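Residue-level listing of the chains:
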Amino acid sequence: LPGVEAVGTISSVPLTGKWTFNERPNIVGQPVPEADRPTLAATFVAFDYFQAMGIPLIDGRFFRDSELNDDGYGRIVMLNEAAAKILFPGRSAVGGRFTVGSNPDRVLEVVGVVKDTRDVRLEDKPQPRFYWQYAFGGAQVVVRAQTPVAVLMPMLREAVTQTDARVRI
């Protein structure tokens, strides 16, 4: 659409507190009992989420759409600065690998680190967080555009309706 610079999806936009979860990552090659692992907040994002939200890349690169698997879950993640310092202290987190949950075969690789954001409340410190590339199921769409909102919203509604009239806006 005219003036649209970036579009992404997220399981729950910041400051809503919905659809986020916590995980205890296990660094590949460094087994640690689950109780001793750090807790990271986790969020599903896809496409140009970071660019749409204006979240700067600190190290590495952003996601590529071609990296999504057929089941929707990518095998790559982005960390925020706080999570990178906890999981990979004293070195670049890019290329680091870890697992979460009960599936030790699903190894997640860090491809980038983004600036910390306040996702729960503005007065709280940023949480250590990882962003898991996931593009299917319920998601909220974020758009960065030069076009004024009053002009853009009808165009966005029309584009979504033409794509799938069943989608609730």
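Residues numbered from 1 in each chain as written. Predicted model: local features only at pLDDT ≥ 70, side-chain atom pairs only at ≥ 80, totals over all residues. Heavy atoms only, no water.

1. What about the overall build of the protein chain?
- When helices and strands are tallied, the protein chain shows three helices and 10 strands.
- Going from N to C terminus, the protein chain has its helices and strands arranged as β-β-β-β-α-β-β-α-β-β-β-β-α.
- For 169 residues, the compact-globule estimate of 2.2 N^0.38 gives 15 Å, and the C-alpha radius of gyration of the protein chain, at 17 Å, lies within 12% of that figure.
- With respect to the principal axes defined by its C-alpha atoms, the protein chain has extents near 50 × 35 × 25 Å.
- Buried residues in the protein chain amount to 35% of all 169 residues.
- Of the contacts formed within the protein chain by residues at least 6 apart in sequence, a portion of 71% connects residues at least 24 apart.
- Accessible surface, the protein chain: about 9700 Å² in total, of which carbon and sulfur atoms supply 52%.
- Computed over 19 positive and 19 negative side-chain charges, the separation of the two mean positions in the protein chain equals 4 Å. (Helix = DSSP H or I, 4+ residues; strand = E, 2+ residues; numbered from the N terminus. Rg over C-alpha atoms; globule rule 2.2 N^0.38 Å. Buried < 20%, exposed > 50% of the residue type's maximum accessible area, 1.4 Å probe, protein only. Contact = heavy atoms within 4.5 Å. Areas by Shrake-Rupley, 256 points an atom, 1.4 Å probe, with all protein chains shown as cover. Lys, Arg positive; Asp, Glu negative; His and termini not counted. Charge placed at Lys NZ, Arg CZ, Asp CG, Glu CD.)

2. Some points on the nonpolar core
- Residues Leu79, Phe98 and Phe130 are the most contacted members of the largest nonpolar core, which totals 19 residues.
- Looking at this core, the elements with two or more residues in it are strand 4 (40-47), strand 6 (73-80), helix 2 (81-87), strand 8 (108-114) and strand 9 (129-134).
- Excluding residues within four positions of it along the chain, Phe98 makes contact with Pro25, Asn26, Ile27, Val28, Val77, Leu79, Leu87, Arg106, Val107, Leu108, Val110 and Phe130.
- With 14 residues, the next largest nonpolar core counts Phe50, Ala52, Ile76 and Tyr131 among its residues. (Core = buried A, V, L, I, M, F, W, Y, C linked by side-chain atoms within 4.5 Å.)

3. A few points about the packing of aromatic side chains
- As enumerated under the stated definition, the model contains 10 aromatic pairs in all.
- For the ring pair Phe44 and Trp132, a centre distance of 5.7 Å and an interplane angle of 45 degrees mean the geometry is tilted. Of the two residues, Phe44 is situated in strand 4 and Trp132 in strand 9; the sequence distance between them amounts to 88 residues.
- Look at Phe44 and you get buried, because its relative accessible area is 16%.
- Taken together, a centroid distance of 5.4 Å and an interplanar angle of 75 degrees make the contact between Tyr49 and Phe50 edge-to-face. (Phe/Tyr/Trp six-rings, centres within 6.5 Å; stacked < 30°, edge-to-face > 60°.)

4. Here we look at the confidence of the model for the protein chain
- Per-residue confidence for the protein chain gives a mean pLDDT of 88, with 94% of residues at or over 70.
- Mean pLDDT across the elements of the protein chain bottoms out in strand 2 (residues 21-23) (84) and peaks in strand 5 (residues 57-60) (98). (pLDDT = per-residue confidence, 0-100.)

5. Side note on the pattern of salt bridges
- Applying the stated rule across the entire model yields two salt bridges.
- Arg61 is paired through a salt bridge with Glu67; the nearest N and O atoms lie 2.5 Å apart.
- In this structure, Asp164 engages Arg166 in a salt bridge whose closest nitrogen and oxygen atoms are separated by 3.0 Å.
- Looking at Arg166, the relative accessible area reads 74%, which means it is exposed. (Salt bridge = Lys/Arg side-chain N within 4 Å of Asp/Glu carboxyl O.)

6. Describing unusual backbone geometry
- With a phi close to 60 degrees, Phe47 is a non-glycine residue in the positive phi region.
- Assignment of secondary structure puts Phe47 in strand 4.

7. Describing empty space enclosed by the protein
- Across all of its chains, the model carries one cavity of 30 Å³ or more by this definition.
- Its volume calculated, the largest cavity comes out at about 30 Å³.
- Taken together, the residues of the lining of the largest cavity sort by class into two nonpolar, two polar and five charged. (1 Å grid on protein atoms, 1.4 Å probe; cavity = no way out; pocket = protein on both sides within 12 Å on 5 of 7 lines; lining within 4 Å. Points joined across faces, edges and corners; volume = space filled by probe spheres on them. Nonpolar A, V, L, I, M, F, W, Y, C, P; charged D, E, K, R; others polar.)

8. Some points on the side chain of Glu23
- With respect to the secondary-structure elements, Glu23 resides in strand 2.
- Despite its burial, Glu23 pairs with no opposite charge; the closest candidate is Arg37, at 7.6 Å N-O.
- At 3.5 Å, the side chain of Glu23 forms a polar contact with the backbone nitrogen of Gly101.
- In this structure Glu23 touches Pro38, Thr39, Leu40, Ala42, Val100, Gly101 and Phe130, once residues within four positions along its chain are discounted. (Polar contact = N/O pair within 3.5 Å; in protein donor to acceptor, adjacent residues only side chain to side chain.)

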